[in-house]
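Observations on the three-dimensional arrangement
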Protein chains: 2
Amino acid sequence: MRRCKADAEQTRLKILEAAEMLFAEHGIARTTLEQIARTAGVTRGAFYWHFKDKTAVLSALYERTTAPQLALIREASEQADLTDPLAFLECSGTRFLSVFAADKCQQRMHRIMSNAAMTEETAAWLAEANVELWRVFQRLLARAGEAGQLTDELTPDEVAVSLMVMFNGLLNEWLRSDRAFPLDTLGAKLLHHHIASLRRNGGAA
Amino acid sequence: MRRCKADAEQTRLKILEAAEMLFAEHGIARTTLEQIARTAGVTRGAFYWHFKDKTAVLSALYERTTAPQLALIREASEQADLTDPLAFLECSGTRFLSVFAADKCQQRMHRIMSNAAMTEETAAWLAEANVELWRVFQRLLARAGEAGQLTDELTPDEVAVSLMVMFNGLLNEWLRSDRAFPLDTLGAKLLHHHIASLRRNGGAA
DNA sequence: AGCTACATACATTCACGTATGGATGTAAAT
DNA sequence: ATTTACATCCATACGTGAATGTATGTAGCT
């Protein structure tokens, strides 16, 4: 039994990984610290050495996956080319879908966050993430509205709702249906079609 | 303290109501039988008289709300006018949205089912409900495809995915955003726009 | 030697399930 | 009508296990 610093960090990662899998599969509440430890190949002693309690693991998972991702979205939206916001949304949305489809880690975090029974902390995270997304969509679509790129039938805010629904809906339905359809290709196709229908003179060639 | 049969049935309903509210607000796992009983104005003794355990309440809630609703959907889809499936989908979808927006009970059940950490039973229910919806959508859109009503760009199955995403997405986003937009009016508007974009020569007047 | 990185052992809490008691309604018997 | 017998409906009390948190032991690194 060797215990250098590298080993310690590795068991920490093993615990995180185990928690992520178990949380995603059985939910947070139905996952025991004992299960996490055993899956990670250690005991609860190791767990309590690295983490204060169960919520601390959740927090660490959030910090290492969701939070930086959120920062990326924010950053990208600020550096976005605003001459054609709809094209930007389609492009980055499509890219996100294909990345998401290939990244088991993101998928598990999405399941965890979406099934997290509402404690104060997780609720705050969810709210933060979604409010952030709303802001981005609203900003970009307001810009598109000013540029006269949107259909007359819907206001920019309504288009924002429509895109939020389509985007989050794709992720949720894909996971819920146990990956019943190809998220990357079909997602891109539907996103393209939907965004086209939101443009002024949308469907007309 | 009177205890005729009517009183007993009323306490049963009070327990169901309390459980529904607590499940929707804090999740199933984080809700205690003690909380349910106290909220219903009784003790755990009364609870155990009417129900075997926590899953029995969940089952009763499902039977009284979700199950009959599912039967309605199935029945309606079989009696549907198949000359214009898209119009039927828009019409019944819009009606469902407005009913859902007004029915707190349905909203709570949707939250409960959507946040239910995957036990064997709830997972089976969710699968059943969604498979049922899939069947309905696929049947109707296959029919629409045969009638040549769908856009060339998407297959009937792909259109079915698109509509599932839009529909479930509307419900989820509305609840998640804490009713940030008018589900009935805006939902109808977006559903109409989206379905129009799925028709052959969709956006063109 | 002292600290790190765990394992092990122990204490505590909390929700669950059950057993029991008691109050009330209800039907039959007289 | 009154009493008796019994079932219903619910509260209270108790036992139990499981998960948590903490305290202690201990082998290896530095």
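Everything discussed here concerns the structure shown above.
Report on the accompanying structure. Small disclaimer: the values here were computed from a predicted structure and weren't measured.

What follows is about the overall build of chain A. Within chain A, the secondary structure is distributed over nine helices and zero strands. Mapped in sequence order, the helices and strands of chain A form the string α-α-α-α-α-α-α-α-α. Principal-axis analysis of the C-alpha atoms places the extent of chain A at approximately 70 × 35 × 30 Å. When the 205 residues of chain A are sorted by exposure, 46% land in the buried category. Put simply, 69% of the contacts in chain A that link residues at least 6 apart link residues at least 24 apart. Summing over all exposed atoms, chain A offers an accessible surface of approximately 10200 Å²; the carbon and sulfur share of this is 54%. Of note, chain A has its 24 positive side-chain charges centred 8 Å away from the centre of its 26 negative side-chain charges.

So, on to the interface of chain A and chain B. Between chain A and chain B, the contact holds 39 residues from the first and 39 residues from the second. Contact between chain A and chain B buries roughly 3400 Å² in total, counting both sides, with carbon and sulfur atoms accounting for 62%. Area buried by chain A at its contact with chain B is led by Val165(A), Arg176(A) and His193(A), which between them contribute 17% of it. Applying the counting rule to chain A against chain B returns two salt bridges. Notably, a salt bridge pairs Lys189(B) with Glu158(A), separated by 3.0 Å at the nearest N-O pair. At the surface where chain A touches chain B, the tally comes to eight residue pairs in polar contact (both at pLDDT 80 or more). Secondary structure elements with two or more residues in the side of chain A that touches chain B: α1 (5-26), α6 (104-115), α7 (120-146), α8 (156-176) and α9 (183-198) of chain A. A per-element tally of the side of chain A that touches chain B places α8(A) first, with twelve residues. Partitioned by chemical class, the residues of the side of chain A that touches chain B number 16 nonpolar, 15 polar and eight charged.

Residues and elements named next belong to chain A. Where α1 contacts helix α4 (residues 54-78), the two axes come as close as 10 Å, and the packing angle between them is 95°. Classed by the angle they form, the pair α1 and α4 counts as roughly perpendicular. Of the residues in α4, those touching α1 at Leu-13, Leu-16, Ala-19, Glu-20 and Phe-23 are Lys-54, Val-57, Leu-58, Ala-60, Leu-61, Arg-64 and Thr-65. Of the residues that constitute the contact of α1 with α4, the class distribution is eight nonpolar, one polar and three charged.

Next up on the list: the side chain of Thr31(A). Relative to the elements of secondary structure, Thr31(A) occurs in the loop between α1 and α2 (33-40). Apart from the residues lying within four places of it in its own chain, the contact partners of Thr31(A) are Leu22(A), Phe23(A), His26(A), Ile36(A) and Lys54(A).

All names here are of chain A. The terminal C-alpha atoms of helix α5 (residues 85-102), which comprises 18 residues, lie 26 Å apart, in line with the 26 Å expected from a rise of 1.5 Å per residue. Turning to α5, its buried residues are Pro-85, Leu-86, Leu-89, Glu-90, Ser-92, Gly-93, Phe-96, Leu-97 and Phe-100. Those residues of α5 that are buried lie in contact with α4, α6, α7, α8 and α9.

What counts, and where the lines are drawn
Residues numbered from 1 in each chain as written. Chains lettered and ligands numbered in written order. Predicted model: local features only at pLDDT ≥ 70, side-chain atom pairs only at ≥ 80, totals over all residues. Heavy atoms only, no water. Helix = DSSP H or I, 4+ residues; strand = E, 2+ residues; numbered from the N terminus. Buried < 20%, exposed > 50% of the residue type's maximum accessible area, 1.4 Å probe, protein only. Contact = heavy atoms within 4.5 Å. Areas by Shrake-Rupley, 256 points an atom, 1.4 Å probe, with all protein chains shown as cover. Lys, Arg positive; Asp, Glu negative; His and termini not counted. Charge placed at Lys NZ, Arg CZ, Asp CG, Glu CD. Buried area = accessible area lost by both parts, 1.4 Å probe. Salt bridge = Lys/Arg side-chain N within 4 Å of Asp/Glu carboxyl O. Polar contact = N/O pair within 3.5 Å; in protein donor to acceptor, adjacent residues only side chain to side chain. Nonpolar A, V, L, I, M, F, W, Y, C, P; charged D, E, K, R; others polar. Axes fitted to C-alpha atoms, helices over the stretch in contact; angles between N-to-C directions. Parallel < 35°, antiparallel > 145°, perpendicular 65-115°, else oblique. Expected span 1.5 Å × (residues − 1).

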